[in-house]
Amino acid sequence: MNNRRVIVKVPASTANLGPGFDTLGMALSLYAWVEMSVAERTVLRLYGDEMTGIPEDKSNLIYKVAQLVFKEAGVQVPELDIAMYSNIPLTRGLGSSASAIVGALVAANALIGSPLSDDKLFQMATALEGHPDNVGASLFGGIVVSAWDGERADYVRLAPHEKLEALVAIPAFQLSTEKARHALPKQISMQDAVFNVSRSSLLVAALASGELGLIKHAMRDRLHQPYRAALIPGMAEILAKAADYGALGAALSGAGPTLIAFVESDSPRKQELEHFLLDTLKQEGIEAQTLWLKPCAEGPVVTIEQAEAGTESLGLLERIRGEAV
Ligand SMILES: Nc1ncnc2c1ncn2[C@@H]1O[C@H](COP(=O)(O)OP(=O)(O)OP(=O)(O)O)[C@@H](O)[C@H]1O
Ligand SMILES: N[C@@H](CCO)C(=O)O
């Protein structure tokens, strides 16, 4: 029996960055860990408050995604020992499903000697998630610009500016991507399409060239945020005024409800911005948790150990102790 034990650390992500709906993603310094080894009988161990309610049998997403990798590679590994620990809140717009998919793809591939290329994993992840933005960021790290035609996804990865820092305000309620996508119109006007193409293009150019001052003009959107605003009380005001409180720009993170604002890391106005976000949400009766995060320049970090057959795992929690959990 294959006696590898694989541990994958995978970053969270923020999708869209305002105008780049289903196109732009940025990996963030918030993480999930997936551990996988071959077993005689499938066992799933899920750790962390964020994992409450996730199935612990073969219906789990991690197990199912791993089986897709084995099928693609033409090998059979029906029984797995899987552990997962995550600090990424579920269904809040920080790419929890993408991190689970990417963690499972990378772990399963490493378990069988990495026969599938990163590009193949990206194609599989995009098809599973239904859009390439979160999965691209989690898989490649940094800022990922991507396009998917339903069959093939292409991407370019940009290194994040070293001074870029993000404040996320995570409301204490969940909003599924499915529900937030249902709020979108089937059609938009040519005027709004041009508005978004120009902002999204400007944003990519600003991020690529390091012209951070352009972000506030570029991070505007008419494709999805106006339609989702009703689902997140306080969002419209935060997006309209964040720059007045020192933000380079602000957006709904992914499908929400998390809001994300960018600053230069040495900005003297970080506390002021944080209070503005929290106070605005509170006025709407919404409690929120804030986190200061950095863009994560790296994709998944893979560790492979040789496990003695039949021995217990050292324990994922033990292993990641000391890391930024
Ligand atoms: N470790 C996991 N194991 C199994 N399922 C998971 C795991 N992590 C996330 N999921 C599934 O993904 C769902 C959340 O996906 P959803 O796309 O709605 O939100 P998100 O990925 O957190 O946010 P967004 O896509 O807006 O950034 C969860 O309800 C759960 O079904
Ligand atoms: N681009 C996606 C990200 C969330 O999964 C959306 O906004 O619906």
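For clarity, every value in this text was computed on a predicted model and none was experimentally measured. (Residues numbered from 1 in each chain as written. Chains lettered and ligands numbered in written order. Predicted model: local features only at pLDDT ≥ 70, side-chain atom pairs only at ≥ 80, totals over all residues.)

S.K.: Explain the packing of helix α2 (residues 96-111) against helix α3 (residues 118-129) here, please?
M.R.: Look at α2 against α3: their axes get within 10 Å of each other, and the N-to-C directions meet at 145 degrees. Taken as a pair, α2 and α3 cross one another with a handedness that is right-handed. Contacts between α2 and α3 involve Ser97, Ala98, Ile101, Val102, Leu105, Val106 and Asn109 from the first element and Leu121, Met124, Ala125, Leu128 and Glu129 from the second. A breakdown of the residues in the contact of α2 with α3 according to their chemical character gives nine nonpolar, two polar and one charged. (Axes fitted to C-alpha atoms, helices over the stretch in contact; angles between N-to-C directions. Helix = DSSP H or I, 4+ residues; strand = E, 2+ residues; numbered from the N terminus. Left-handed = near helix turned anticlockwise from the far one by under 90°. Contact = placed C-beta atoms within 7 Å. Nonpolar A, V, L, I, M, F, W, Y, C, P; charged D, E, K, R; others polar.)

S.K.: Can you walk me through the pairing of strand β3 (residues 43-47) in this structure?
M.R.: Regular strands place side chains that alternate from one sheet face to the opposite one. Bridge analysis of β3 against strand β4 (residues 80-86) gives five bridges, and the strand direction is parallel. If you follow tyrosine 47 over to β4, its bridge partner there is tyrosine 85. In this fold, β3 hands off to helix α1 (residues 61-73), which returns the chain to β4; that crossover is left-handed. (Pairing = 2+ DSSP bridges. Right-handed = clockwise from strand over helix to strand, strands pointing away.)

S.K.: Please explain unusual backbone geometry as it appears in this structure.
M.R.: Of the consecutive residues glycine 256 and proline 257, the connecting peptide bond is found in the cis state with omega at 5 degrees. Mapped onto the elements, proline 257 comes out in the loop between β8 (249-252) and β9 (259-264). A positive phi angle, close to 50 degrees, is found at leucine 17, a residue other than glycine. Turning to its location among the elements, leucine 17 is positioned in the loop between β1 (4-15) and β2 (24-38). Taking the number of C-beta atoms within 10 Å as the measure of exposure, leucine 17 has 30 and is therefore buried. (Buried ≥ 20, exposed ≤ 12 C-beta atoms within 10 Å, placed from the backbone.)

S.K.: Where do I start with the environment of tyrosine 85 in this structure?
M.R.: With respect to the secondary-structure elements, tyrosine 85 resides in strand β4. According to the C-beta neighbour criterion, tyrosine 85 is buried, with 22 such atoms within 10 Å. On a C-alpha basis, the gap between tyrosine 85 and arginine 45 in space is 8.6 Å, while along the polypeptide they are 40 residues apart.

S.K.: Teacher, can you tell me more about the environment of leucine 281 here?
M.R.: The topology assignment puts leucine 281 in helix α10 (residues 270-283). Expressed as a C-alpha distance, the spacing of leucine 281 and aspartate 149, which sit 132 residues apart in the sequence, is 37 Å. Those residues in contact with leucine 281 that lie beyond four places of it in its chain are Ala169, Pro171, Gly234, Ile286 and Ala288.

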